[in-house]
Amino acid sequence: MAKIIDTLGKYLIVALITLAMFIFFRSVERKPLLADDNTSFVRAVVTQNDNEDLQAEASLDSGDSQKVVLLIKSGSHKGETVDAYSLNGYLYGANCKVGTRVIASLSEYDGSLSANVYNYDRENEIWVLLAAFFGLMWLVGGKKGFNSILALIFTFATVIFLYIPLMYIGVSPFIAATASVVIITVVTFTLIADWQMKSIGAMLGTVFGVVVSGIIALLFGHFGHVTGYNVDDIENLIYVGQNSKLDIGGMLFSGILIASLGAVMDVAMSVATSLHEIKEKSSDISAKEIFKSGINIGRDMIGTMSNTLILAYVGGSLGLVMVIYAYSYQMHQILNMYSMAIEIMRGISGTMGIILTVPITSLNNQKLVTTRYITPSPQLENMPYSITGPAILNI
């Protein structure tokens, strides 16, 4: 019963923290950046395409468009039909056939409704994929899988409700990222492993590794003349910065803290859990041997986790890599491209954070695990149990 109460109390605290972040998110005033042209995006279904066969053969390169009739499925105009155009492009529009589910942009002027097909409606597929992901996590992970789902949702909520608004109102991106990392780390490890010595050691190791990643990136950016102004979507960010207190230059480096958090948490928790189990099985093991065991365990993880982080960045910039390969860029040109320097900075700084997480987590757990066991002095051995309590603290 006590365990159930503790679990419910833990869930309640997480819910209250999430609620507090949501209230803060709602309290931040955002200046409208888009003109109020009465445009809304709604779900719709294609009910008529008179030239479907002919238009289906239209080439994307030709710039042709389709004229269709849509049945609106959401919004204030739900149930109405409207004529619409679908641009035949790579990023917008859709190859419309009768029954195709789409997202339409509606504009209303003087009682007249006009519409364009914005894109395919993928919302059902997204929800099915998320349900399969969460279901598989719960099925395989059991209770810890369920807690992992809650931790993942909380992480997403922290980024959206806290990290982004803090930067928007002018808080230093590095400070906003550090605060978010600490909150995510503490809540995630508490949900997954409770408030134990191993989770405390993993928390300390995670925060250290992530902050180190950010500091290394800051140093590289300073000496390599790379800032947040050198990213691809800088025009949109400058416009946002002009209408808010956003520190655009620091966003790049704070993002590295968030991006490397998952891999660093994985390493820190794996090392901490392994050392905890070693101490449980061999209570007479020395602190020095525990530290060495942590280093040995971490060495086996560094290679695989480094690959995980590096390959994640390579996969995200695969288009850039293909362009470089196809155009046969020269080495000096490649290494001094802003986009390449940023990807190298992200990958290397994050990996260095993973590497340094191993010794700091081993050192933390060397202290924390070995202090769990208290050997009573000869004077205490003959005293009543009611005074001395147990010789081993169950933390």
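All figures in this text were calculated on a predicted structure; none of them were measured in a lab. (Residues numbered from 1 in each chain as written. Predicted model: local features only at pLDDT ≥ 70, side-chain atom pairs only at ≥ 80, totals over all residues. Heavy atoms only, no water.)

**Let's talk about the overall build of the protein chain**
Where we set the bar: The helix count covers DSSP runs of H or I at least four residues long, the strand count covers runs of E at least two residues long, and both are numbered beginning at the N terminus. Per-residue accessibility, obtained with a 1.4 Å probe over protein chains only, is compared with the maximum for each type, and a residue is labelled buried under 20%, exposed over 50%, and partly exposed between these values. Residues are treated as being in contact if the distance between any of their heavy atoms lies within 4.5 Å.
Across its full length, the protein chain holds 13 helices and five strands. Expressed as a percentage of its 395 residues, the buried residues of the protein chain come to 37%. Long-range pairs, those at least 24 residues apart, make up 69% of the contacts in the protein chain with a sequence separation of at least 6.

**As for the packing of helix 3 (residues 123–168) against helix 7 (residues 248–281)**
What counts is decided by this rule: Where helices are involved, their axes are fitted lines through C-alpha atoms of the stretch in contact, as for all axes, and angles between N-to-C directions lie from 0 to 180°. Each angle receives one of four descriptions, namely roughly parallel if under 35 degrees, roughly antiparallel if over 145, roughly perpendicular if within 65 to 115, and oblique otherwise. Crossing handedness follows the turn of the near helix against the far one: under a right angle anticlockwise gives a left-handed crossing, and clockwise gives a right-handed one.
Where helix 3 meets helix 7, the axes come as close as 12 Å, and the angle between the chain directions of the two elements is 160 degrees. Comparing the axis directions of helix 3 and helix 7 gives the class roughly antiparallel. For the element pair helix 3 and helix 7, the recorded crossing hand is right-handed. Here Val159, Tyr163 and Met167 of helix 3 come into contact with helix 7, specifically with Met251, Ser254, Gly255 and Ile258.

**Concerning helix 5 (residues 197–224)**
Note the cut-off: Multiplying 1.5 Å by the residue count of a helix minus one yields the expected span of that helix.
Helix length check: helix 5, at 28 residues, gives a terminal C-alpha distance of 40 Å against a target of 40 Å (1.5 Å per residue), a fit within 8%. Once helix 5 finishes, His225 follows within two positions and takes phi at roughly 60 degrees, a positive value.

**As for unusual backbone geometry**
Here the phi dihedral of Asp194 falls at roughly 60 degrees; this positive angle occurs in a residue that is not glycine. Tracing the backbone shows Asp194 in the loop between helix 4 (173–193) and helix 5. The residue Ser328 is not glycine, and still its phi comes out positive at about 55 degrees. The residue Ser328 is located in the loop between helix 9 (318–327) and helix 10 (331–335) in this model.

**Here's the deal with the nonpolar core**
The condition is simple: Working definition of a nonpolar core: buried Ala, Val, Leu, Ile, Met, Phe, Trp, Tyr and Cys residues. They are joined through side-chain atoms within 4.5 Å.
Of all hydrophobic cores here, the largest spans 56 residues; its most connected members are Leu252, Val267 and Ile354. Put simply, the parts of the chain that give this core at least two residues each are helix 1 (2–27), helix 3, helix 4, helix 5, helix 6 (234–242), helix 7, helix 8 (287–316) and helix 11 (338–370). Among the elements that line this core, the one with the most residues is helix 7, at 15 residues. Setting aside its immediate chain neighbours within four residues, Leu252 contacts Val226, Thr227, Gly228, Val231, Ile342, Met345 and Arg346. Among the nonpolar cores identified, the runner-up in size contains 15 residues, and Val42, Val46, Val68 and Ile72 belong to it.

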